[in-house]
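Structure at a glance
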Amino acid sequence: MTDIHAAVDAYLGENLLKSDRVLDEIARKSEAAGLVPHAVTPLQAAFLAILIKLNGSKRVLEIGCLGGYSAVAMARALPEGGQLITTEIDTRTAAIAQQNIDTSGFGDRIDLRTGPAVDVLDAEIASGGHFDFVFIDADKVNHKNYLERALKLTGSGAVIVADNIVRGGAVIDVDGQENSVKGVRAMMAYAATLDGLDMTALQTVGAKGYDGMAIFRVR
Ligand code: DHB
Ligand code: MG
């Protein structure tokens, strides 16, 4: 992260975002509980919320809950009766997230499933689950596995966002040995084989450094 990116992130947030007691509290509690600082930024949370509203999404799937920051930001963007399912592999993290969700005021919209995301998604596929919006933000090693499953859980008009596809630029390192980079590259190679989708990516800088999001829309 460069100072200028973090400073501009703060400036933009101060001007474009209202003070957010709910999300600030989740960020504070997540940090106090020692969770890794990998939640989306406030501006990124607002970006996801806008996509959900633009798409008229009613059912959201999040892959990778961490402390519940993005889950609450997205659930809040849903209309009355909307539902969000989120997954968390780590039981201690899930307990912290559930507390954050319960105190957010949006807990009735959020269904936190504890376990490996691939297993949760396969169960959803088996039971005919269907979503309008998917946010992929778990272990990057499985990015391709998550995109494959997200496509089985969505239909025409659905939007899928995959976080952390740039990794400080490491994604273009063809010899990169880091498993998370290999996972992102596997997802990208898989995306290159897909038809019937509108696809793009945004490089992002800011408080979390240099990264990016891929965006898919099912035609
Ligand atoms: C990492 C994971 C994330 O989801 C993120 O947004 C940033 C970093 C990581 O595992 O390093
Ligand atoms: Mg992420």
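Look up: the structure comes first, before these words.
These numbers were taken from a predicted model, which means no experiment stands behind them.

The subject of this paragraph is the side chain of D20. Relative to the helices and strands, D20 resides in the loop between helix 1 (3–16) and helix 2 (21–32). At a separation of 3.1 Å, a polar atom in the side chain of D20 contacts the main-chain amide nitrogen of L23. Here R76 takes part through its side chain, which lies 2.7 Å from a polar atom of the side chain of D20.

Right, let's talk about the site of ligand 1 for a bit. Within the structure, ligand 1 sits among H38, D137, K140, D163, N164, R167 and K208. In this structure, an oxygen atom belonging to ligand 1 sits 2.9 Å away from a side-chain N or O atom of K140. R167 is positioned such that a nitrogen or oxygen atom in its side chain is 3.2 Å from an oxygen atom of ligand 1. Here the shell around ligand 1 is built from residues that sort into no nonpolar, two polar and five charged.

Time to look at the pairing of strand 2 (residues 83–88). Burial within strand 2 is extensive, with five of its six residues counted as buried. Pairing of strand 1 (residues 59–63) with strand 2 involves five bridges; the strand directions are parallel. The residue of strand 2 that forms the bridge with V60 is L84. Since strand 1 and strand 2 lie parallel, the crossover through helix 4 (residues 69–76) that links them has a hand, and here it is right-handed. The pairing of strand 2 with strand 3 (residues 110–114) spans five bridges and is classified as parallel. Of the residues in strand 3, the one forming a bridge with I85 is D111. Between the parallel pair strand 2 and strand 3, the chain is carried across by helix 5 (residues 91–104), and the sense of this crossover is right-handed.

One pass over the structure, following the stated rule, counts zero aromatic pairs. K144 extends its terminal NZ or CZ atom over the ring of Y190, reaching a point 5.7 Å from the ring centre.

We now examine the pattern of salt bridges. Applying the stated criterion across every chain, the model contains eleven salt bridges. In this structure, E124 engages R113 in a salt bridge whose closest nitrogen and oxygen atoms are separated by 3.0 Å. With E124 in helix 6 (residues 117–126) and R113 in strand 3, this residue pair connects regions lying eleven residues apart in the sequence. Put simply, D122, K144, E148 and R149 are held in one network by salt bridges that share partners.

Taken together, D137 (OD), D163 (OD) and N164 (OD1) make up the full set of protein donors to the magnesium ion (ligand 2), lying 2.0 to 2.1 Å away. All donors to the magnesium ion (ligand 2) come from one chain, and their sequence spacing reads D-x25-D-N. Here the residue D137 occupies a position in the loop between strand 4 (131–136) and helix 7 (143–152), and D163 occupies one in strand 5 (residues 154–163), the gap between them amounting to 26 residues. For D137, a relative accessible area of 13% translates into the label buried.

Okay, the nonpolar core next. Within the largest apolar cluster, 32 residues are counted, with the highest numbers of intra-cluster contacts made by V72, M74, L84, F133 and V161. Contributions of two or more residues to this core are made by helix 2, helix 3 (42–54), helix 4, helix 5, strand 3, strand 4, strand 5 and strand 7 (211–218). Once you skip the residues sitting within four places of it in the chain, V161 turns out to touch L48, L51, F133, V134, F135, I136, M213, A214 and I215. Residues Y146, A162, F216 and V218 belong to the second largest nonpolar core, which totals 29 residues.

Rules used in this analysis
Residues numbered from 1 in each chain as written. Chains lettered and ligands numbered in written order. Predicted model: local features only at pLDDT ≥ 70, side-chain atom pairs only at ≥ 80, totals over all residues. Heavy atoms only, no water. Helix = DSSP H or I, 4+ residues; strand = E, 2+ residues; numbered from the N terminus. Polar contact = N/O pair within 3.5 Å; in protein donor to acceptor, adjacent residues only side chain to side chain. Near = heavy atom within 4 Å. Nonpolar A, V, L, I, M, F, W, Y, C, P; charged D, E, K, R; others polar. Buried < 20%, exposed > 50% of the residue type's maximum accessible area, 1.4 Å probe, protein only. Pairing = 2+ DSSP bridges. Right-handed = clockwise from strand over helix to strand, strands pointing away. Phe/Tyr/Trp six-rings, centres within 6.5 Å; stacked < 30°, edge-to-face > 60°. Lys NZ or Arg CZ within 6 Å of the ring centre and 35° of its normal. Salt bridge = Lys/Arg side-chain N within 4 Å of Asp/Glu carboxyl O. Donors = N, O, S within 2.8 Å, 3.2 Å for Na, K, Ca; no water. Core = buried A, V, L, I, M, F, W, Y, C linked by side-chain atoms within 4.5 Å. Contact = heavy atoms within 4.5 Å.

This is a description of form; function is not addressed.
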